[in-house]
Amino acid sequence: MSSIGVFASLFDAEGRILLVRQAYGSLHWTNPGGRVEEGESPLAALDREVLEEIACEVHVSHLIGVYAKPYRDDLVLSFGVSLVGGTPQACPPEIAEIAFFAREQLPREIAFNSRIRIEDAFEHCRGVVRVFDSSASLAPSFAPLCS
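These numbers come from a predicted model, not from an experiment.

**What about helix 2 (residues 112-122)?**
With eight of eleven residues buried, helix 2 is to be regarded as a mostly interior element. Buried residues of helix 2: Asn113, Ser114, Ile116, Arg117, Ile118, Asp120, Ala121 and Phe122, and no others.

**Here's the deal with the sheet that holds strand 6 (residues 74-85)**
Across the sheet, which stays open at both edges, the six strands sit in the order 4-1-6-5-8-9 with mixed pairing between neighbours. Looking along the sheet, the strands with just one partner apiece sit at the ends: strand 4 (33-35) and strand 9 (137-138). Two strands pair when backbone bridges link them, and strand 5 (residues 57-69) and strand 6 are joined in this way by eleven bridges, in the antiparallel orientation. Directly across from Val60, in strand 6, lies its bridge partner Val81.

**Section: the confidence of the model for the chain**
Chain-level pLDDT for the chain is 92 on average; 93% of the residues reach the 70-or-more range. Per-element confidence in the chain is highest for helix 1 (residues 42-54), whose mean pLDDT is 98, and lowest for strand 9, whose mean pLDDT is 74.

Cut-off values and rules
Residues numbered from 1 in each chain as written. Predicted model: local features only at pLDDT ≥ 70, side-chain atom pairs only at ≥ 80, totals over all residues. Heavy atoms only, no water. Buried < 20%, exposed > 50% of the residue type's maximum accessible area, 1.4 Å probe, protein only. Helix = DSSP H or I, 4+ residues; strand = E, 2+ residues; numbered from the N terminus. Pairing = 2+ DSSP bridges. pLDDT = per-residue confidence, 0-100.

Right, dumping it as structure tokens:
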């Protein structure tokens, strides 16, 4: 795979998930995270990206899932995290705004693959593997392992 991404699912005490609105491109909402740089571990990349985007330190509690997009040579790891330092805030220039959302109040401006990751976090998935066969669909062989 030519690119690896890492994303954090952080919930507040009310069970709402923290999302960030990108300040570039499509301006979509997504989890805090981004690309793993050369020579960087996925966990170090997650720490760096979360600090850059929401000015917080987090602790990884578990792997939610692995998400592959073979048509784009892209692999994403999604982690459940807890807050250990800082107060979440939007950090320009990458992030325009942040907010906590209940499942039934998720914004419409979420990419399909991001929405799947977010739904998996709400479903308390651990170690799920999903393959996308296009930008708007999952491969037919996917089998979720969620509670």
